[in-house]
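Coordinate inspection notes
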Amino acid sequence: MEFGEVITAMVTPFNTDLEVDYEATAELANYLVENGSDGILVLGTTGEVPTLTKDEKIKLVKTVKEEVGGRAKVIVGTGSYSTSASIEMTKKIEAIGVDGVMLVTPYYNKPPQSGLYRHFKMVAKETDLPVILYNVPGRTSRNIEPETVAKLAEIENIVAIKEASGDVEQAATINRLTDDEFLIYSGDDGLTLPILSIGGTGVISVSSHLVGNQIKEMITLYKAGKVKEAADLNAELGELFGKMFITPNPIPVKCSLNLLGQKVGPVRPPLADIDQEEKAVLEVLLKEYNLV
């Protein structure tokens, strides 16, 4: 199953009353596809999914699917700390006709590796959609060990992982323990090039909201054997990759999109909008990259 090389973990636009702005969602999805995104991930961390109601989630997915479903892969984050809730949401999303689901590591309750395996297997068994695992121990407090990933990769519809542990050696081990058809996506923009070098496919990105075409070009250059050119472009983008996390995601990327004229609105509590000092840093950054 191919999802493409650049998948954008899309923000959720809100209006000034903190209601989901579905018109802006459609506009943003279209903008992303026109600017380097092969796929769009809806209801991820960047989409502030813990703050969304079930009805909002369903309508968001339908909005994106209707806008770009014929031109890009639509993948939906359906995982949570609850196995039964993850199964329920996955079934609802499958009925919409999306291209795949992504399941985050169950967070907060820190299940052992055997529990992680059972959780992902149980959810995958209840859907015909391809499944991407999402390993982000910095947020979930639990790492999916490479051996667990390899065991899960034996399940027919578990086809990929978003590896956001920050550990390239771990990604290399996953690559060694799984077959060539299992896809490894970088979950960190700054590690996309190293992940490609150990057999990765691409990136599930935040920065592609702003520089999707450049990220796509970097991946294309690397896969064409133009490693030096790819490394140079990666270096050029490095400051922007870092600045998208000067305060917790998605606060900086939402501010940046608003500055670019893509009106995605504020973040919902418990997140807080960017302060003036950080906003000034982003204004300078966007000018340096000729984005404004």
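About the cut-offs
- Residues numbered from 1 in each chain as written.
- Predicted model: local features only at pLDDT ≥ 70, side-chain atom pairs only at ≥ 80, totals over all residues.
- Heavy atoms only, no water.
- Pairing = 2+ DSSP bridges.
- Helix = DSSP H or I, 4+ residues; strand = E, 2+ residues; numbered from the N terminus.
- Right-handed = clockwise from strand over helix to strand, strands pointing away.
- Buried < 20%, exposed > 50% of the residue type's maximum accessible area, 1.4 Å probe, protein only.
- Contact = heavy atoms within 4.5 Å.
- UniProt positions renumbered as here; feature names shortened; annotations may be inferred.
- Core = buried A, V, L, I, M, F, W, Y, C linked by side-chain atoms within 4.5 Å.

Side-chain direction in a regular strand flips from residue to residue, so the side chains alternate between the two faces of the sheet. For strand S1 (residues 6-9) and strand S8 (residues 202-205), the ladder comprises three bridges, and the chain directions are parallel. Bridged to isoleucine 7 within S8 is isoleucine 204. Of the crossover connections in this fold, the one passing from strand S7 (residues 183-186) over helix H8 (residues 192-197) to the parallel S8 is right-handed.

Right, let's talk about the environment of arginine 118 for a bit. Tracing the backbone shows arginine 118 in helix H4 (residues 113-125). For arginine 118, a relative accessible area of 57% corresponds to the exposed category. Sequence separation between arginine 118 and glutamate 283 is 165 residues; the distance between their C-alpha atoms is 46 Å.

On to helix H11 (residues 251-260). Counting buried positions along H11 yields seven of 10 residues, so the element is predominantly enclosed. Those residues of H11 that sit buried are Ile251, Pro252, Val253, Lys254, Cys255, Ser256 and Leu257. If you follow the buried residues of H11, they end up packed against helix H1 (22-34), helix H9 (208-223), helix H10 (227-243) and helix H12 (276-288). Looking at the residues trailing H11, positive phi occurs at glycine 261, about 100°.

Per the UniProt record, "binding site: pyruvate" (unreviewed entry) is annotated on Thr46 and Ile204. A maximum C-alpha distance of 10.8 Å is found for the annotated residues, which run over 159 residues; spatially they form one tight group. Its location among the elements puts threonine 46 in the loop between strand S2 (39-42) and helix H2 (54-68). Note on isoleucine 204: relative accessible area 3%, which makes it buried. When neighbours within four sequence positions are excluded, isoleucine 204 is seen to be in contact with Ile7, Ala9, Leu41, Met102, Lys162, Tyr185, Ser186 and Gly187.

Counting residues in hydrophobic clusters, the biggest one holds 77 residues, and the most contacted among them are Ile40, Ile93 and Ile158. When sequence neighbours within four positions are dropped, the list of residues in contact with isoleucine 40 reads Ile7, Thr8, Met10, Ala29, Leu32, Val33, Val64, Val68, Lys73, Val74 and Ile75. Core analysis: the next-biggest nonpolar cluster, separate from the first, contains 16 residues, Phe3, Ile7, Met102 and Tyr134 among them.

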